[in-house]
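Structural description and commentary
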Amino acid sequence: MKRLAAFLMALALMAIAVLGVHASVANRQYRDADGHFSRWYNMYKDRSADALRANITDRTMVVFGSSEFGHLKGSRYHVANMFSPADMDMEIIAQPGEQCLYHAIALGALAPEMKRKQAVLMISPTWFRGKGVKKEAFQLRFSDSLYIDFLKNPAVSGSVKKKAAKRCEKLLAGDKETLTRARIYRKAYLDQDAGAQAAARVAGFFARDQENASMGFSWKWYQFRNKDRKRPSPMSAGELARMDWKAMRREAAESAEGKANNPIYASDRAWKRGLRSRYEDGPGRHARDSMVTSREYGDLRLFLQICREEGIRVKLIVQPVNGYWYDYCGLTKDERDGFHRKIARVARQYGAEIKDLTAYDYKPYVLTDAVHPWKEGWLLLDEGIYDFYKNEETVL
């Protein structure tokens, strides 16, 4: 009897704890007064469907990307700092390892809240090298709440959901717990298996609370650590009115002169922090890599198909790479050109706009390393994002 009483007491305490956590995270909106939450670069933010959805307004354009948003975060040239929310209301969803499949799922989950039917996908050519997104990266970034909301979105066709589910389960094969949950969600919300629906509700309840709690604690900690930090001032209305992109890029390039004393024109900081040792290891590290056979193209088509089904205008911005580095590593210009032709062909098939920055592959001072933007590189990305946003605004 005593054992039973102890068990029931433990069960009651656990239920109180679970409900307490749920009450503390449910329906909360994590957004500070200046809208910085939507531009916050953080993996926990990107895994919380509730927080992402809560911060989409009627003017919000969603911008999907990856690790480039972690570079020059304190610079005025970074898109999160250059424009105020009043001039460009955007939500950035971007972390290392987040590629086309992750973004397709996120788009499918958030599309019902996107009153402004507009999105930007920042494409890194390196996503298409080899087989596409790595299993470990996808497992780390997988979001239960986004996946559930994606599967429950009636506007996304069953064929797209089936392809995404099959791809997800293959990539999650090394993570048994997450794979089990993903299969339960698929059976419950795609296959309409009544037996799986109760299990899906329970698993989803706990997973969503965990994601929201992790995001909430991380956001509060970020606010505490940065409460006295001075952020770069965004461009004023007057500066925007007389904006001269070419002049700004020229100034940015001039500010980098003398700071790239190496064979590939990377920043001296990046060169000393790892690129030099990799360069000295010898050429040819990517000589056998292909950029035209990757599974990433199928994931990109899923993203674009969801855009089509949801009536979302999309712009693909193909970022430049360091041509000197990849020539040395054996991933030749001919191979890279094949990638650019194929990306353009896929964009045409789905009616997507595209801005391909391959012309800057060999321009010094555009990238800090092999793939990430320097000041001038950020200005090229800024221009593509801002022009798309303002063009849509004139249409609205």
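For the structure, check the block above.
Below is a summary of the structure that appears in this document. (Residues numbered from 1 in each chain as written. Predicted model: local features only at pLDDT ≥ 70, side-chain atom pairs only at ≥ 80, totals over all residues. Heavy atoms only, no water.)

Quick look at a nonpolar patch on the surface
Which entries qualify depends on this criterion: For patch detection, residues must exceed 30% relative accessible area and be free of salt bridges, and they are connected within 9 Å for like charges or within 5 Å for nonpolar side chains (Val, Leu, Ile, Met, Phe, Trp, Tyr). Per-residue and other accessible areas were derived by the Shrake-Rupley procedure at a 1.4 Å probe size, with only the shown protein chains allowed to occlude residues. The term salt bridge refers to a side-chain nitrogen of Lys or Arg lying within 4 Å of a carboxyl oxygen of Asp or Glu. Helix and strand definitions follow DSSP, with helices as H or I runs of at least four residues and strands as E runs of at least two, each counted in order from the N terminus.
The grouping of V202, F205 and F206 at the surface amounts to a nonpolar patch, some 260 Å² of accessible area in total. Within the element layout of this structure, F205 appears in helix α10 (residues 194-225).

What about unusual backbone geometry?
One non-glycine residue, L72, lies in positive phi territory at about 60°. You can see L72 is positioned in the loop between β1 (61-65) and α4 (79-82). Backbone geometry places Y265, a non-glycine residue, at a positive phi of 60°. Turning to its location among the elements, Y265 is positioned in the loop between α12 (245-256) and α13 (268-280).

Describing the pairing of β1
To keep things clear, this is the line we draw: Only protein chains enter the accessibility calculation, which uses a 1.4 Å probe; a residue whose area is less than 20% of its type maximum is buried, one above 50% is exposed, and one in between is partly exposed. At least two DSSP bridges between two strands are needed for those strands to be called paired.
Counting buried positions along β1 yields 5 of 5 residues, so the element is predominantly enclosed. Taking every second residue as pointing to the same face, both faces of β1 are buried, with M61, V63 and G65 on one and V62 and F64 on the other. Taken together, the 5 bridges between β1 and strand β2 (residues 90-94) define a ladder with parallel strand orientation. Looking across to β2, one finds that M61 is bridged to M90. The sheet contact formed by β1 and strand β3 (residues 118-123) spans 3 bridges and is parallel.

Describing the environment of Q118
Keep this limit in mind: By the criterion applied in these results, polar contacts are pairs of N or O atoms within 3.5 Å in which, for protein atoms, one can donate a hydrogen and the other can accept it, and in which residues neighboring in sequence qualify only through two side-chain atoms.
Looking at where Q118 falls in the secondary structure, it is placed in strand β3. Each C-alpha atom of the pair Q118 and Y362 lies 31 Å from the other, and the pair is 244 residues apart in sequence. Polar contacts involving the side chain of Q118 include one to the side chain of R116, which spans 2.5 Å. A distance of 2.7 Å separates a polar atom in the side chain of Q118 from the backbone oxygen of F388.

Here we look at a positive patch on the surface
So the rule is basically this: Under this rule, positive means Lys or Arg and negative means Asp or Glu; His and the chain ends count for nothing. Every charge is mapped to an atom, namely NZ of Lys, CZ of Arg, CG of Asp or CD of Glu.
Taken together, the side chains of K131, K135, K166, K170 and R295 make up a positively charged region of the molecular surface. Tracing the chain through its elements places K166 in helix α8 (residues 158-171). Residue class for K166 comes out exposed when judged on its relative accessible area of 67%.

Take it as geometry only, folks, not as evidence of what the structure does.
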